[in-house]
Amino acid sequence: MVLTGAGISAESGVPTFREAQEGLWAKYSPEELASPKAFQQHPEIVLRWYQWRISLISQARPNPAHQALVQLEDLCIREGKRFLLITQNVDNLHQAAGSQQIVELHGNIFRTRCHHCGTRQERNLAAVDLEEGIPHCQQCQGLLRPDVVWFGETLPAAALNTAWEQSANSDFYLVVGTSAAVEPAASFPILALENGGTVLEINPNSSNLSPRISYRLPHPAGAALPALVQALQQG
Ligand code: BV8
Ligand code: ZN
């Protein structure tokens, strides 16, 4: 099992979730903007924030850490071992790198859905001119929004169930680039520990999980993950 957070995309140039926001967004915290309340109160500000993030992320490319996880998945499959990557990230970089077994816990910033009826829509929010108003759903005229999970919203049921089930019976858990500040994602590795699993964390800084887990590689993922996977490939 692998759980990733914003830190694995840091070396792709995507600012992590808790890094200070720049410019116009400096006065807001992500928790304020990534919420249904903010969207209800000022949908245009929230959608502009997402247009800014989509433009940043569109220029990002997978880094050696993302690529190492693709090699790890191939290695596990060759050795007949189960592999699952659960990510908190919405930046699509794991998919772009070629990972197959992925669960997106918090959705995907490049997908759009209706805030009211939930229908996914083939509408690129980054291409919308918000001067003409907030785009509406073709089915119910509700407001369109990114297909991501906001604070206070529940995770997609299928993603949640898969993450719980697989975490409860995983024997080796890699936690990469997360401060483990957000629930329920931060609890998945603990579930593995409680069922006798081994957890290894890759993060230059310590996280909420650090005191409880088995091993730490206090290095950037772009260096540590390729080295770890190479060592595993050499057996
Ligand atoms: C829910 C999508 C329940 C949006 C995101 C229990 C206890 C406490 C609080 C709660 C709880 N249960 C629910 C809550 C509330 C809330 C929560 O957890 N709040 C926190 C802030 C206290 N959780 C929720 O609301 C969740 N919903 O539980 O629903 C419910 C039940 C019934 C009815 C209603 C509700 C939903 C949470 C999802 C929020 N959406 N993203 C968007 O992106 O726009 S979360 C957001 O944070 C991102 O997805 C991000 O990935 C994620 C976590 O942050 P990290 O990934 O860890 O990023 P961060 O910047 O924090 O850390 C980066 C790390 O990388 C650092 O440690 C750094 O050292 C490291 N790093 C840096 N460079 C590198 C590196 N590591 C390696 N290599 C490097 N080079
Ligand atoms: Zn709708």
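These numbers come from a predicted model, not from an experiment.

How should I be thinking about the overall build of the chain in this particular structure?
A count of helical and extended segments in the chain gives eight helices and nine strands. Taking 2.2 N^0.38 as the reference for a compact globule, 235 residues should give roughly 18 Å; the C-alpha atoms of the chain span a radius of gyration of 18 Å, in line with that estimate. Taking the principal axes of its C-alpha atoms as reference, the chain extends roughly 60 × 35 × 30 Å. Buried residues in the chain amount to 49% of all 235 residues. Pairs at least 24 residues apart make up 63% of the contacts formed inside the chain by residues separated by at least 6 positions.

Where do I start with the coordination of the zinc ion (ligand 2) in this structure?
For the zinc ion (ligand 2), the full set of protein donor atoms is Cys114 (SG), Cys117 (SG), Cys137 (SG) and Cys140 (SG), at a range of 2.2 to 2.4 Å. Around the zinc ion (ligand 2), the four donor atoms are arranged such that angles at the metal cover 101 to 117°; this shape is classified as tetrahedral. Coordination of the zinc ion (ligand 2) draws on donor residues from a single chain, spaced C-x2-C-x19-C-x2-C in sequence. On the criterion of sequence distance, the pair formed by cysteine 114 in strand S4 (residues 107-114) and cysteine 140 in the loop between strand S5 (120-121) and strand S6 (144-148) is long-range, its members being 26 residues apart. Residue classification places cysteine 140 among the partly exposed residues on the basis of a relative accessible area of 31%.

In this structure, what is going on with the layout of surface pockets? I would like to understand it.
Vacant regions in the atomic arrangement are exposed by a probe of water-molecule size rolled over the atoms. The volume enclosed by the largest pocket comes to roughly 960 Å³. Of the residues forming the lining of the largest pocket, the biggest block, six residues, is contributed by helix H3 (residues 43-58). Considered class by class, the residues forming the lining of the largest pocket number 27 nonpolar, 14 polar and seven charged. A volume near 430 Å³ is recorded for the second largest pocket. What lines the second largest pocket is a set of 17 residues, among which Cys76, Lys81, Arg82, Asp171 and Phe172 lie closest to the centre. Taken together, the elements giving at least two residues each to the lining of the second largest pocket come down to helix H4 (64-78) and strand S7 (172-176).

Which parts of the structure should I look at to understand the site of ligand 1?
Near ligand 1, the surroundings consist of 34 residues, among which Arg18, Tyr50, Arg53, Gly152 and Ser179 are the closest. Contact between ligand 1 and valine 149: a nitrogen atom at 2.7 Å from a main-chain N or O atom of the residue. Between ligand 1 and glutamate 183, the relevant distance is 2.8 Å, taken from an oxygen atom to a main-chain nitrogen or oxygen of the residue. Expressed as a share of its isolated accessible area of 1,500 Å², the protein-covered part of ligand 1 is 74%.

Rules of the game
- Residues numbered from 1 in each chain as written.
- Chains lettered and ligands numbered in written order.
- Predicted model: local features only at pLDDT ≥ 70, side-chain atom pairs only at ≥ 80, totals over all residues.
- Heavy atoms only, no water.
- Helix = DSSP H or I, 4+ residues; strand = E, 2+ residues; numbered from the N terminus.
- Rg over C-alpha atoms; globule rule 2.2 N^0.38 Å.
- Buried < 20%, exposed > 50% of the residue type's maximum accessible area, 1.4 Å probe, protein only.
- Contact = heavy atoms within 4.5 Å.
- Donors = N, O, S within 2.8 Å, 3.2 Å for Na, K, Ca; no water.
- Tetrahedral: all angles 85-135°; square planar, octahedral: opposite > 155°, others 65-115°.
- 1 Å grid on protein atoms, 1.4 Å probe; cavity = no way out; pocket = protein on both sides within 12 Å on 5 of 7 lines; lining within 4 Å.
- Points joined across faces, edges and corners; volume = space filled by probe spheres on them.
- Nonpolar A, V, L, I, M, F, W, Y, C, P; charged D, E, K, R; others polar.
- Near = heavy atom within 4 Å.
- Polar contact = N/O pair within 3.5 Å; in protein donor to acceptor, adjacent residues only side chain to side chain.
- Areas by Shrake-Rupley, 256 points an atom, 1.4 Å probe, with all protein chains shown as cover.

Just distances and angles here, no functional claims.
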